[in-house]
Amino acid sequence: FAAGALQRDREVVLAAVRQDGGALEFASEAFRADRAVVLTAVRQSGHAWIHVWAPLRYDREVILAVVGQSGSMLNSFSWLWHDREVFLAAVKQDGGALAFASAVLREDREVVLAAVQQNWRAIEFASVPD
């Protein structure tokens, strides 16, 4: 990536994470805590989330960007498995994420439809209401 001072140069860091969100790993701690830099990184690669400064890992907008880019990352956010907005973002990117949904969301027509539109096999995880 870049050495020393360049890892602390915002323009250089942003250019790097636009190409590969994983470059966040090599950015200074200040940029791993910078919401705009973090959002740029996770929108490019949801897996960049592992390099995000801890408090931002729980930021709702960051999480939505992560699952919107990589629906399979939803398994990292078990405390949100009941959250409809998070699930919609995830299943639109990866229909298989429906497997992690609460029973209520597995019965939600819009969530199930979004999942099967992305991957028809997601219908396996849909629940039929009693």
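Residues numbered from 1 in each chain as written. Predicted model: local features only at pLDDT ≥ 70, side-chain atom pairs only at ≥ 80, totals over all residues. Heavy atoms only, no water.

Colleague: I'm lost on the side chain of Asp 83 in this one. Help?
Modeller: Tracing the chain through its elements places Asp 83 in the loop between α4 (60-69) and α5 (84-93). Ignoring sequence-local partners within four residues, the contact set of Asp 83 consists of Arg 60 and Leu 105. (Helix = DSSP H or I, 4+ residues; strand = E, 2+ residues; numbered from the N terminus. Contact = heavy atoms within 4.5 Å.)

Colleague: Explain the side chain of Asp 34 here, please?
Modeller: Assignment of secondary structure puts Asp 34 in the loop between α2 (29-32) and α3 (35-44). With near-sequence residues (within four places) excluded, Asp 34 lies in contact with Arg 10 and Leu 56.

Colleague: Can you walk me through the packing of α3 against α4 in this structure?
Modeller: In a pair of packed helices, the angle between the axes and the distance between the axes together describe the arrangement. Running from N to C, α3 and α4 point in directions that differ by 15°, and their axes come no closer than 7 Å. Here α3 lies roughly parallel to α4, going by the angle between them. The chirality of how α3 crosses α4 is right-handed. Residue-level inspection shows Arg 35, Val 38, Leu 39, Val 42, Arg 43 and Gln 44 of α3 in contact with α4, the latter providing Glu 61, Val 62, Ala 65, Val 66 and Gln 69. When its residues are assigned to classes, the contact of α3 with α4 shows six nonpolar, two polar and three charged. (Axes fitted to C-alpha atoms, helices over the stretch in contact; angles between N-to-C directions. Parallel < 35°, antiparallel > 145°, perpendicular 65-115°, else oblique. Left-handed = near helix turned anticlockwise from the far one by under 90°. Nonpolar A, V, L, I, M, F, W, Y, C, P; charged D, E, K, R; others polar.)

Colleague: Please clarify how the environment of Phe 31 should be interpreted in this entry.
Modeller: Here Phe 31 shows up in helix α2. The sequence separation of Phe 31 and Gly 71 amounts to 40 residues, and the corresponding C-alpha distance is 24 Å. Beyond its immediate sequence surroundings of up to four residues, Phe 31 is in contact with Gln 7, Arg 8, Asp 9, Arg 10, Val 13, Leu 24, Val 37 and Val 38.

Colleague: Can you help me understand the packing of aromatic side chains in this one?
Modeller: Remark: the centre distance and the inter-plane angle together describe each pair of aromatic rings, the angle taken between the planes. Summed over all chains, the structure comprises four aromatic pairs. With a centroid separation of 5.6 Å and 85° between ring planes, the pair formed by Phe 77 and Trp 79 is classed as edge-to-face. Here Trp 79 falls in the partly exposed class, since its relative accessible area comes to 40%. Three or more aromatic residues joined by ring pairs make a cluster, and in this case those are Trp 49, Tyr 58, Phe 77 and Trp 79. (Phe/Tyr/Trp six-rings, centres within 6.5 Å; stacked < 30°, edge-to-face > 60°. Buried < 20%, exposed > 50% of the residue type's maximum accessible area, 1.4 Å probe, protein only.)

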